[in-house]
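# Structure at a glance
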Amino acid sequence: MEFKELANLCERLEVTTKRNLMTDMVADFLRRLDEREVEPAVSMLLGRPFPRWDPRTLDISWATLSMIIQRLTGATWKDFSEAFRNTGDMGASAKIIFERSRIGRQATLLERPLTILEVRSILEAISEASGQGSREKKERLIRSLLSRASPVEVKYLVKIMIGEMRMGLQEGLMEVAVSKAFSVPLKKVQLASMLKGDVAEVAALCKKEGLKGISNLSFTLFRPIKPMLAQMAESPMEALKEHGGRTAFEYKLDGARIQIHKLGDKIRIFSRRLTDVTKSLPDIIDFIRREVRPENAIMEGEVIAIGKNGNPLPFQHLMRRFRRVYEIEKVSEEVPVKLYLFDILYMDGKSLIETPYVDRRRILEEAAGEIPLTKQIITDDAAEAKRFLENAVDGGHEGLMAKRLNSPYTPGIRGKHWLKIKKTLEPLDLVIVAAEYGTGRRHRWLSDYYLAARDEITGEFLTLGKTFKGLTDQEIEEMTRRLKEIAIEERGHLVLVKPKIVVEVAYNEIQKSPKYKSGMALRFARITRIRDDKSPDEADTIQRVRQIYEKQFARKAKFQET
Ligand code: AMP
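Every value quoted in this text rests on a predicted model; they were computed, and no experiment measured them. (Residues numbered from 1 in each chain as written. Predicted model: local features only at pLDDT ≥ 70, side-chain atom pairs only at ≥ 80, totals over all residues. Heavy atoms only, no water.)

## Observations concerning the pairing of strand β2 (residues 247-252)
Most of β2 sits out of view: six of its six residues are buried. With four bridges connecting them, β2 and strand β8 (residues 376-379) associate as antiparallel partners. Bridge pairing in β8 links E250 to Q376. (Buried < 20%, exposed > 50% of the residue type's maximum accessible area, 1.4 Å probe, protein only. Helix = DSSP H or I, 4+ residues; strand = E, 2+ residues; numbered from the N terminus. Pairing = 2+ DSSP bridges.)

## A word on the site of the ligand
Neighbouring residues of the ligand: 15 residues in total, closest E250, R257, E302, K403 and K420. A distance of 2.8 Å separates a nitrogen atom of the ligand from a polar side-chain atom of K403. Here the ligand loses 89% of its free accessible area of 490 Å² to cover by the protein chains. Of the residues forming the shell around the ligand, the biggest block, four residues, is contributed by strand β10 (residues 414-422). (Near = heavy atom within 4 Å. Polar contact = N/O pair within 3.5 Å; in protein donor to acceptor, adjacent residues only side chain to side chain. Areas by Shrake-Rupley, 256 points an atom, 1.4 Å probe, with all protein chains shown as cover.)

## Here we look at the domain arrangement of the chain
Segmenting the chain into domains produces domain 1 (47-162), domain 2 (229-422) and domain 3 (428-557). Between the C-alpha centres of domain 2 and domain 3 there is a distance of 33 Å. (Domains from an automatic or database assignment.)

## Observations concerning the pattern of salt bridges
Applying the stated rule across the entire model yields 50 salt bridges. Note that R120 and E39 form a salt bridge whose closest N and O atoms lie 2.9 Å from each other. Of this pair, R120 sits in helix α8 (residues 116-128) while E39 sits in helix α3 (residues 35-45), placing them 81 residues apart in sequence. Exposure remark for E39: the relative accessible area of 14% places this residue in the buried category. (Salt bridge = Lys/Arg side-chain N within 4 Å of Asp/Glu carboxyl O.)

## Overview of the sheet that holds strand β6 (residues 337-347)
One open sheet holds the five strands; their spatial order is β4-β3-β5-β6-β7, and the pairing between them is antiparallel. The outermost strands of the open sheet, each flanked by one partner alone, are β4 (266-271) and β7 (350-351). Note that strand β3 (residues 256-263) and β4 share six bridges and pair antiparallel. Residue pairing across strands places I258 opposite S271, the latter belonging to β4. The sheet contacts of helix α15 (residues 282-291) involve β3, β4, β5 (296-305) and β6, and relative to β4 the element is tilted by about 130°. Against the sheet, helix α18 (residues 357-367) makes contact with β5 and β6, and its axis sits at roughly 120° relative to β6, the strand it touches most. (Contact = heavy atoms within 4.5 Å. Axes fitted to C-alpha atoms, helices over the stretch in contact; angles between N-to-C directions.)

## With respect to empty space enclosed by the protein
Counted by the stated rule, this structure contains three cavities of 30 Å³ or more. Considered as a void within the structure, the largest cavity measures approximately 60 Å³ in volume. Lining the largest cavity are R52, W53, E171, E175, S193, M194, G197, D198, P224, I225, K226 and L274. Looking at the lining of the largest cavity, its residues break down into five nonpolar, two polar and five charged. (1 Å grid on protein atoms, 1.4 Å probe; cavity = no way out; pocket = protein on both sides within 12 Å on 5 of 7 lines; lining within 4 Å. Points joined across faces, edges and corners; volume = space filled by probe spheres on them. Nonpolar A, V, L, I, M, F, W, Y, C, P; charged D, E, K, R; others polar.)

## Focus on α18
The complete set of buried residues in α18 reads Y357, R360, R361, I363, L364 and A367. In a view along the axis of α18, the buried residues occupy a sector of 165°, so they form one face of it. Those residues of α18 that are exposed and aimed more than 90 degrees away from the buried face are E365 and E366. The inward-facing, buried residues of α18 abut β2, α15, β5, β6, β8 and β9 (399-403). (Arc of directions from axis to C-beta.)

## With respect to the side chain of S513
Within the secondary structure, S513 sits in the loop between β17 (509-512) and β18 (520-523). Here S513 falls in the buried class, since its relative accessible area comes to 11%. A distance of 3.0 Å separates a polar atom in the side chain of S513 from the backbone nitrogen of K515. Apart from residues lying up to four places away in sequence, S513 is in contact with G519, M520 and A521.

## Regarding the packing of helix α9 (residues 134-147) against helix α10 (residues 151-162)
At a minimum axis separation of 10 Å, α9 and α10 run at an interaxial angle of 150°. Our classification of the angle between α9 and α10 gives roughly antiparallel. In contact with I142, L145 and L146 of α9, α10 contributes V154, L157 and M161. Within the contact of α9 with α10, the residues separate by chemical class into six nonpolar, no polar and no charged. (Parallel < 35°, antiparallel > 145°, perpendicular 65-115°, else oblique.)

## Here we look at the sheet that holds β2
Read across the open sheet, the five strands follow the order β1-β10-β9-β2-β8; overall the sheet is mixed. At either margin of the open sheet sits one strand with a lone partner, and together these are β1 (229-232) and β8. Neighbour-to-neighbour, the strand axes of this sheet turn through a mean angle of 35°, independent of strand direction. The sheet contact formed by β2 and β9 spans five bridges and is antiparallel. Residue pairing across strands places F249 opposite A402, the latter belonging to β9. Strands β2, β8, β9 and β10 of the sheet are contacted by helix α19 (residues 382-394), whose axis makes an angle of about 135° with β9.

## Here we look at the packing of aromatic side chains
For the structure shown, the criterion picks out seven aromatic pairs. An aromatic cluster is present here, built from W62, W77 and F80 joined pairwise through their rings. Lying across the ring of F222, K266 places its NZ or CZ 4.1 Å from the centre. (Phe/Tyr/Trp six-rings, centres within 6.5 Å; stacked < 30°, edge-to-face > 60°. Lys NZ or Arg CZ within 6 Å of the ring centre and 35° of its normal.)

Given below as structure tokens:
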């Protein structure tokens, strides 16, 4: 099939918001593909040059691409930035530039049309270009690819090369389309997609053999599995009730979730978002290699950052470890981390996801060697559970996870088998100092609020964060009216207002942040009440917020001593 058809489909998808219609269009397209074209087409529709777990990469920056496009079309930087300002999208800007140029108008007349398989093989050649002169080779290949493409094709080639499709066609919808296209039950497609970790490969299997093609799949090591997620519960009592009177409680640690894949000495670690973070955690890899008993396994755990004197640090410090690609060793000395394991999904060649939680935990205990597991109790006593929660919070942790004793591991699903119970910090009363118009349905309402605390010394209101969470539509409409009455200045989307309205704000943590003059920012702020009973000078002060910030550390330091 010609690549033009894929590009045209993308154009239609971009202007469609109805999910049903989108999946029908994609299904119809998939049906018309040849067997060999299915995986490349599905990967490309999801903005990937290759299947999801293919280690090949293109390594093309936007700077290189735009330089090639400039040379091909004679456009300038100014043309580009103007096109980008108007569209906000690299692919769409490239399309505009091509439409205006002579080459863009001629391309399709002069050349043989590009096919989907040809595009894939050119992308392969780009990724394989290595060694001396590889840069020139890459550029030559890209130039010849783009010079054969029409402006619409250029738009999507650029998007695929830089990995940004942005047309609302997520994996979930692609699974629906695959199910429709090849008449395979959606549940089976989802299961296969979870096991393979790539819907494009599943689509190809379905095209080839229908349901039979995906019937006997198992996990593949080094392909991460979507993590099981938790719903919120108000209290340990609620969790006990939900889980039939008796359940397991574990400390909920405030770090980063990791999924560990091990085959002999080969170990890789994936983040919650399934990216490979192995390089960021050399110390953890060594520890796992030394301690984990089974030859092959997939395990899950949480890593938390530890300060110089051994006390846990807030989440943001840990993120430094994951962001740094260079100087890893230096950063691992600066930000040591500690691993706690909490689940095992695969061992000795067998999937354990159907095995009940209590049994998995027992298996994990034996497999983990000296690696600690998250602290756990199994109880039917609400008072004991409440004490366990207090201890967790006193120890500097986020709260508890309640896990149903006989529950399987359900990848990618946010169900009630796992419940998270958090003890939120005391809410703050803050003042709205500015607001922004929302997007989509809320575009006519001021629905994003800047929240500030008063500086006792200068009287100035200092911003601590922004939120669009917590108010109902009706409250937002009313708030918009009130804010407009006290507006001081409009700057595009932003409206500055007199500091008059006080709201109660819940949040999970206070972070240090250079973003605001206050030097601090609230993590996960949400409005819990409008405090019309309070005047702005009764609102919380920046001094008090600083105190709470310091207390967070004290709490975490205490954890280290116990
Ligand atoms: P949340 O991110 O608030 O939805 O909470 C779920 C997250 O808590 C998981 O993705 C893990 O990163 C983290 N977590 C911390 N401790 C545990 C635990 N004992 N069991 C499972 N998840 C945990």
